[in-house]
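Now for the letters of each chain:
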Number of protein chains: 2
Amino acid sequence: MTDTALPRTARERARAEITAEILASARRQMAAEGAAAISLRAVARDLGMVSSAVYRYFPSRDDLLTRLIIEAYDALGDAVDAADASRPREDFVGRWMAVSHAIRDWGLAHPHEWALIYGSPVPGYAAPDDTIGPGTRASVTMTRLLVEALMAGVLPPAEEVPRKVSRSMRSLKAFIPVPVPDSYLVAGLMARTQIFGHVTLELDGQFNATIDDPHAYFDHVARMSARQMGFAG
Amino acid sequence: MTDTALPRTARERARAEITAEILASARRQMAAEGAAAISLRAVARDLGMVSSAVYRYFPSRDDLLTRLIIEAYDALGDAVDAADASRPREDFVGRWMAVSHAIRDWGLAHPHEWALIYGSPVPGYAAPDDTIGPGTRASVTMTRLLVEALMAGVLPPAEEVPRKVSRSMRSLKAFIPVPVPDSYLVAGLMARTQIFGHVTLELDGQFNATIDDPHAYFDHVARMSARQMGFAG
DNA sequence: CAGGAACGAGAGCAGTGCTCTTGACAGCGA
DNA sequence: TCGCTGTCAAGAGCACTGCTCTCGTTCCTG
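Note that the coordinates shown come from a computational prediction; the quantities given were computed from them, not determined experimentally.

This next bit is on the overall build of chain A. If you tally the helices and strands in chain A, you get 12 helices and 0 strands. The secondary structure elements of chain A, listed N-terminal to C-terminal, are α-α-α-α-α-α-α-α-α-α-α-α. Projected onto the principal axes, the alpha-carbon positions of chain A cover approximately 65 × 45 × 35 Å. A buried classification covers 47% of the 233 residues belonging to chain A. For chain A, the exposed area adds up to about 11500 Å²; of that, 55% sits on carbon and sulfur atoms.

Now for the relation of the copies chain A and chain B. Of the transformation placing chain A onto chain B, the axial shift is 0.0 Å and the rotation is 180 degrees, giving an RMSD of 0.1 Å. A rotation of that kind, with that shift, is consistent with a two-fold axis. Taking C-alpha positions as the reference, the residue of chain A nearest the rotation axis is A:G197, at 1.9 Å.

Close contacts around DNA strand C come from 23 residues, with A:S39, A:R41, B:R15, B:S52 and B:R56 the closest. A share of 47% of the atoms of DNA strand C within 4 Å of the protein falls on sugar and phosphate groups. In the environment of DNA strand C, a base nitrogen lies 3.0 Å from a nitrogen or oxygen atom belonging to the side chain of B:R11. Between DNA strand C and the protein, one listed contact pairs a base oxygen with a side-chain N or O atom of B:R56 at 2.6 Å. Contributions of two or more residues to the surface near DNA strand C are made by α1 (10–33), α2 (40–47) and α3 (51–54) of chain A together with α1 (10–33) and α3 (51–54) of chain B.

Moving on, we get to the interface of chain A and chain B. Accessible area lost upon the coming together of the parts is a frequently used measure of interface size. The interface is formed by 49 residues belonging to chain A together with 49 residues belonging to chain B. Here chain A packs against chain B, burying approximately 4200 Å² in sum over the two surfaces, 58% of which is carbon and sulfur. Taken together, the connections running from chain A to chain B amount to 2 salt bridges. Between B:R227 and A:E159 there is a salt bridge; the shortest N-O distance is 3.2 Å. Put simply, chain A and chain B have 10 residue pairs in polar contact (both at pLDDT 80 or more) between them.

Another aspect to go through is the side chain of A:T193. Structurally, the position occupied by A:T193 is in helix α11 (residues 182–203). Judged by its relative accessible area of 0%, A:T193 falls in the buried class. When sequence neighbours within four positions are dropped, the list of residues in contact with A:T193 reads A:H198, B:Q194, B:G197, B:H198, B:L201 and B:F207.

Residues and elements named next belong to chain A. Viewed as axis vectors pointing N to C, α11 and helix α12 (residues 214–229) meet at an angle of 170 degrees, and their least axial separation amounts to 9 Å. Viewed along their axes, α11 and α12 adopt a mutual orientation that is roughly antiparallel. Between α11 and α12 the crossing geometry is right-handed. Residue-level contacts link A187, G188, A191, Q194, I195, H198, V199 and E202 of α11 to P214, Y217, F218, V221, A222, S225, Q228 and M229 of α12. By residue class, the composition of the contact of α11 with α12 is 10 nonpolar, 5 polar and 1 charged.

A few words on the protein's contact with DNA strand D. Surrounding DNA strand D, one finds 23 residues, the nearest of these being A:R15, A:R56, B:L40, B:R41 and B:R61. Contacts to DNA strand D include B:Y55, whose side-chain N or O atom sits 3.1 Å from a phosphate oxygen. Only α1 and α3 of chain A together with α1, α2 (40–47) and α3 of chain B provide two or more residues apiece to the surface near DNA strand D. Among the residues making up the surface near DNA strand D, the classes are represented as 9 nonpolar, 6 polar and 8 charged.

Now for the confidence of the model for chain A. Put simply, chain A has an average pLDDT of 91, and 92% of its residues get 70 or more. Residue range residues 1–5 of chain A is modelled with pLDDT below 50. Its contacts to residues more than four positions away, or to other chains, number 1 contact.

As a further point, take the packing of aromatic side chains. The full count for this structure, using the stated rule, is 14 aromatic pairs over all chains. Each ring, one from B:W114 and one from B:Y118, has its centre 4.7 Å from the other, and the planes form 45 degrees; the classification is tilted. Of this pair, B:W114 and B:Y118 both sit in helix α6 (residues 111–118), separated by 4 residues, roughly a single helical turn. Here a set of aromatic residues connected by ring pairs shows up, and it is made of A:Y73, A:W114, A:Y118 and A:F196.

Moving on, we get to the pattern of salt bridges. Counted by the stated rule, this structure contains 28 salt bridges over all chains. The partner of A:R95 in a salt bridge is A:D84, and the shortest N-O contact between them spans 2.8 Å. Of this pair, A:R95 sits in helix α5 (residues 92–109) while A:D84 sits in helix α4 (residues 61–85), placing them 11 residues apart in sequence. Here A:R95 matches A:D84 in class, with each residue buried. In this structure, B:E148 and B:R95 form a salt bridge, with 2.9 Å as the shortest nitrogen-oxygen distance. Here the residue B:E148 occupies a position in helix α8 (residues 137–152), and B:R95 occupies one in helix α5 (residues 92–109), the gap between them amounting to 53 residues. You can call B:R95 buried: its relative accessible area is 0%.

Turning our attention to the environment of A:V80. Residues and elements named next belong to chain A. Residue placement: V80 occurs in helix α4. Each C-alpha atom, one on V80 and one on H101, is 8.8 Å from the other, the two residues being 21 residues apart in sequence. Ignoring any residue separated from it by four or fewer positions in sequence, one finds V80 in contact with V99, A102, I103, A138 and T141.

Together, A:R163, A:K164, A:R167 and A:R170 make up a positively charged patch on the protein surface. As for its position among the elements, A:R170 is in helix α10 (residues 170–175).

Cut-off values and rules
- Residues numbered from 1 in each chain as written.
- Chains lettered and ligands numbered in written order.
- Predicted model: local features only at pLDDT ≥ 70, side-chain atom pairs only at ≥ 80, totals over all residues.
- Heavy atoms only, no water.
- Helix = DSSP H or I, 4+ residues; strand = E, 2+ residues; numbered from the N terminus.
- Buried < 20%, exposed > 50% of the residue type's maximum accessible area, 1.4 Å probe, protein only.
- Areas by Shrake-Rupley, 256 points an atom, 1.4 Å probe, with all protein chains shown as cover.
- Least-squares fit on C-alpha atoms with pLDDT ≥ 70 in both.
- Near = heavy atom within 4 Å.
- Polar contact = N/O pair within 3.5 Å; in protein donor to acceptor, adjacent residues only side chain to side chain.
- Contact = heavy atoms within 4.5 Å.
- Buried area = accessible area lost by both parts, 1.4 Å probe.
- Salt bridge = Lys/Arg side-chain N within 4 Å of Asp/Glu carboxyl O.
- Axes fitted to C-alpha atoms, helices over the stretch in contact; angles between N-to-C directions.
- Parallel < 35°, antiparallel > 145°, perpendicular 65-115°, else oblique.
- Left-handed = near helix turned anticlockwise from the far one by under 90°.
- Nonpolar A, V, L, I, M, F, W, Y, C, P; charged D, E, K, R; others polar.
- pLDDT = per-residue confidence, 0-100.
- Phe/Tyr/Trp six-rings, centres within 6.5 Å; stacked < 30°, edge-to-face > 60°.
- Patch = residues over 30% accessible without salt bridge, like charges linked within 9 Å, V, L, I, M, F, W, Y side chains within 5 Å.
- Lys, Arg positive; Asp, Glu negative; His and termini not counted.
- Charge placed at Lys NZ, Arg CZ, Asp CG, Glu CD.

Here you go:
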């Protein structure tokens, strides 16, 4: 979960503490002004040190951003897993609803973090490989939900899917331990796109002048997407 | 379409030309490095003038970005309208497919423009009111398509929608000249979210390791979303 | 043709990420 | 306990940014 073992020497303790303080200050700055506005000099000022000292802890601004991205992915993953665990295993619709609302709630509570991980990347930034692991946590949980519903036999009959589309999902199938009919995979991916796409569009203000009660509307969207996946509802 | 009347004096001609050159240079810079990396000084260097001279044409960097946003919205709107017009009026599925592919194609061709208008805004930037008009063009076209299908009588029977959800769409209904059953509105909004959400996620690389043939997969998604809206297919 | 508006050039301010050097200190082995 | 080694904060400095102000010049118009 956290870093390595407990720090031993005073030096290591201090290093861990200052690292945490830098991250906290950067998070504060991101919450206030957005990820792109994070400034190492402002962090340094905030902590009462000089800008060059920060580079002892993070070799570059991009490394700081990477840490923040990983933490954001993990925070969202934790929220999603907690929501999934809060419902009875066999209540697939309830689990899907809980997961969907957890995703939206987290996004509304952390708009800049959401933009950081799902929005367009910061100027010259390219996400390193460290981020793909935690980045898939929410999707993995949603896929697991679909697979469990399939194994429970509560899904309607599968449908035909064009061969080209079926072949196009070979890489996806390699990640899933049990065989899943193509039409379920498509439905699951589309439901995932519906949820993440909705939150992104809502945070971007695309529903501003059209939807008066976003929570009620999203609740309906989540329920409809569960139904379109074949979950009874 | 373009600016005002044809320029009269030599000064006005020059001003219009230089303004266009500034926009072109900024567009080039955006295509290369992203919108947030647009620098007025680099634009000035590119055009062989001094940085302060650019401020004679755009009072601030944000005004330049606003112009680029409006142009991007309009370019996407043109592409969408052209795609819609390319199919027979009564071929609603074909029109929806053409519009969907036009949106994705434009996004793939102009990823930074897409990020500019649908991604998280640049640091301190807040989109002014000038952008909401062109910003809704694509959505307006998609909604018109739905309304025409409704009036043609090709949609299946409407369904019940929770009262809270129905009431939540009052603002939306104010924009639509004819009464549309609530379930159609929800279906239309969800289809729109599916298309825009898909393109955003695809541009963000969220399908990278899972979907091998994004074009074929998206074509299927567009067809399925048309079906979920009730379009025969 | 004279006045005023528009314009390009340049200097300058405050801010940024990042590098390099300097001197101080902690932690370790001898 | 002494001295070496690696870590650290501090400061100066480079190249860059958006933006402002002033200065002549040039162009358009009354």
